[in-house]
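What the coordinates show
So the chains spell out like this:
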Amino acid sequence: MNVVTRFAPSPTGKLHIGGARTAIINYLFAKKHSGKYLVRIEDTDKKRSSKEAIKAIHTGLNWLNVNSEFKIVYQSQNYNSHIKVANELLEKGFAYKCFLNSDELEKLRIKSRENGIPIKSPWRNKREQDEDKNRKFVIRLKMPSDGVTIIDDLVQGKITVKNEILDDMVILRSDKTPTYMLSSVVDDNDMGITHIIRGDDHFNNAFRQIQIIKYLNWNIPYYAHIPLIHGADGAKLSKRHGATSLFDYHNLGYTSEAMFSYLLQLGWSAKNEKDYSMDRAIKLFTLENVNKSPAKFDLKKLKNINAKKLNSMNVNEVLDLVINRFNLSLNSEEEKRFKCLLPALLKRVQVYTDLQDEFDWIFEKNFFCKDKNFQFQLQKNYLMLKEIGSLLKKCEWSIQNIKDCLNNYIVENSLTFKDIGPVLRMALTGKTNSPDLISIIYELGCTITVNRLNYKY
Ligand code: GLU
């Protein structure tokens, strides 16, 4: 079988991380089977769709490396084909015109809610009369009223639903625009989709949509409905759990590789591995390993994966990320300094945006310590810092010579490294925690180091 999957987002907001995970799974499944992965923008809701949202979807998919290599399909461009199918269903008697006005419809809704029965319009069994000719109508699908519908979902398993609970859903609105329930099925058929992989919030829809497919004798696709992502408290993931948009994580300093690996592992795992590159994921992916229960988004886990990823990356790659993210323009000396300090700095952060806290002492020529408590200690140790400064000034600049210089000072003054290390660090970085002091002195260079040690607080 030539597998064809699709990711079909509605462009009504930023790309949600749940959507991004659906895209990843569709992408991997297609690649694993040497098939096609398509992207369809479901932009039929003109009021809620926006150009910005479409752009955000592409940006997000590109960032994760799961955009389609094929032409993007825009659902609104296929209106005519959807309308044609609605009329075909009507002609074949599988759908009917419903002339209920809004009051009548509201009454029907209340009645069906009270009795726990699906909406079936009285027009299902009525014939259109001459006097109806100029009235507004919607087209509803005539659901089978007896028997059952079985879907053998590749994730949820075999589920049977009694047809009597299916409502006669609207497929064409009174303004002649098709509904999602129709458009999506027609597009899936036209695009030759073999596997519909999507969030399980659409599982109910599958039992209704499949009726259209059966009425028209189209190929029935395989379905795989994946559980939604929940927050740590078990509730459906929402803004109060933190960022829910994929690209927010880019802005927060996560790498695309870490995000890919983590989103994939949300609800899917193979071989107990903790990190998946794209190639490895394509190799190992199976729908059987998707969990049936909702996955819990765990920021701590994502941070760990991101920290590991950052530390395994080539320094130049991280440098590029940071430079782009913060729009830094560094001269060659600054770039070299930053690059040399990066491996040690990266051991201390989980997201690369945290490196911003280090920018001032790394790049500012006239840096001085801003912390009032530290300033007090620097004042107290002014003489010592000045002495060390003048020794360093005479030093021929190398890691070994800097080390020797500090050791001599300690020995001559009967001190230990603890007596000078923390104060030196405060003077040079404004912090009590930083990468190795000798490397910092070496990378800052003689002039900057001595200036900072001589600063009068
Ligand atoms: N456009 C729908 C959504 O964003 C997905 C429809 C589908 O996958 O069938 O939820």
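To be clear, the structure that these remarks concern was listed above.
As a starting point, this report considers the structure included with it. Because the structure is a prediction, the values reported are computed rather than measured. (Residues numbered from 1 in each chain as written. Predicted model: local features only at pLDDT ≥ 70, side-chain atom pairs only at ≥ 80, totals over all residues. Heavy atoms only, no water.)

Bringing the sheet that holds strand S5 (residues 138–141) into the picture now. In spatial order, the strands read S4-S5-S8; together these three strands make up an open sheet with antiparallel pairing. Two strands in the sheet have a free side with no partner beyond their single neighbour: strand S4 (95–98) and strand S8 (170–172). Taking each pair of neighbouring strands and ignoring which way they run, the sheet shows an average axis angle of 45°. By the bridge criterion, two bridges tie S5 to S8 in an arrangement that is antiparallel. Within S8, the residue paired with isoleucine 139 across the bridge is leucine 172. (Pairing = 2+ DSSP bridges. Helix = DSSP H or I, 4+ residues; strand = E, 2+ residues; numbered from the N terminus. Axes fitted to C-alpha atoms, helices over the stretch in contact; angles between N-to-C directions.)

On to the packing of helix H14 (residues 372–380) against helix H17 (residues 417–429). At a minimum axis separation of 10 Å, H14 and H17 run at an interaxial angle of 120°. Classed by the angle they form, the pair H14 and H17 counts as oblique. Classified by chirality, the crossing of H17 by H14 is left-handed. Residues Phe374, Gln377 and Leu378 of H14 touch H17, and the partners they reach there are Val423, Met426 and Ala427. Grouping the amino acids of the contact of H14 with H17 by side-chain chemistry returns five nonpolar, one polar and no charged. (Parallel < 35°, antiparallel > 145°, perpendicular 65-115°, else oblique. Left-handed = near helix turned anticlockwise from the far one by under 90°. Contact = heavy atoms within 4.5 Å. Nonpolar A, V, L, I, M, F, W, Y, C, P; charged D, E, K, R; others polar.)

This next bit is on the side chain of aspartate 187. Following the sequence through the fold, aspartate 187 ends up in helix H5 (residues 180–190). Overall, aspartate 187 belongs to the buried group, its relative accessible area being 1%. A polar contact is formed between the side chain of aspartate 187 and the side chain of histidine 82, at a distance of 2.8 Å. Discounting chain neighbours no more than four positions away, the residues touching aspartate 187 are Arg40, Gln75, Asn78 and His82. (Buried < 20%, exposed > 50% of the residue type's maximum accessible area, 1.4 Å probe, protein only. Polar contact = N/O pair within 3.5 Å; in protein donor to acceptor, adjacent residues only side chain to side chain.)

Turning our eyes to something else, we now look at the side chain of threonine 44. Relative to the assigned elements, threonine 44 resides in the loop between strand S2 (36–41) and helix H2 (51–64). For threonine 44, a relative accessible area of 13% puts it in the buried group. Not counting residues up to four positions away in its chain, the partners in contact with threonine 44 are Ser49, Gln75, Ser76, Tyr79 and Ser183.

Moving on, we get to the environment of lysine 308. Relative to the elements of secondary structure, lysine 308 occurs in helix H10 (residues 299–312). Considering only alpha carbons, one finds lysine 308 and alanine 258, 50 residues apart in sequence, at a separation of 8.6 Å.

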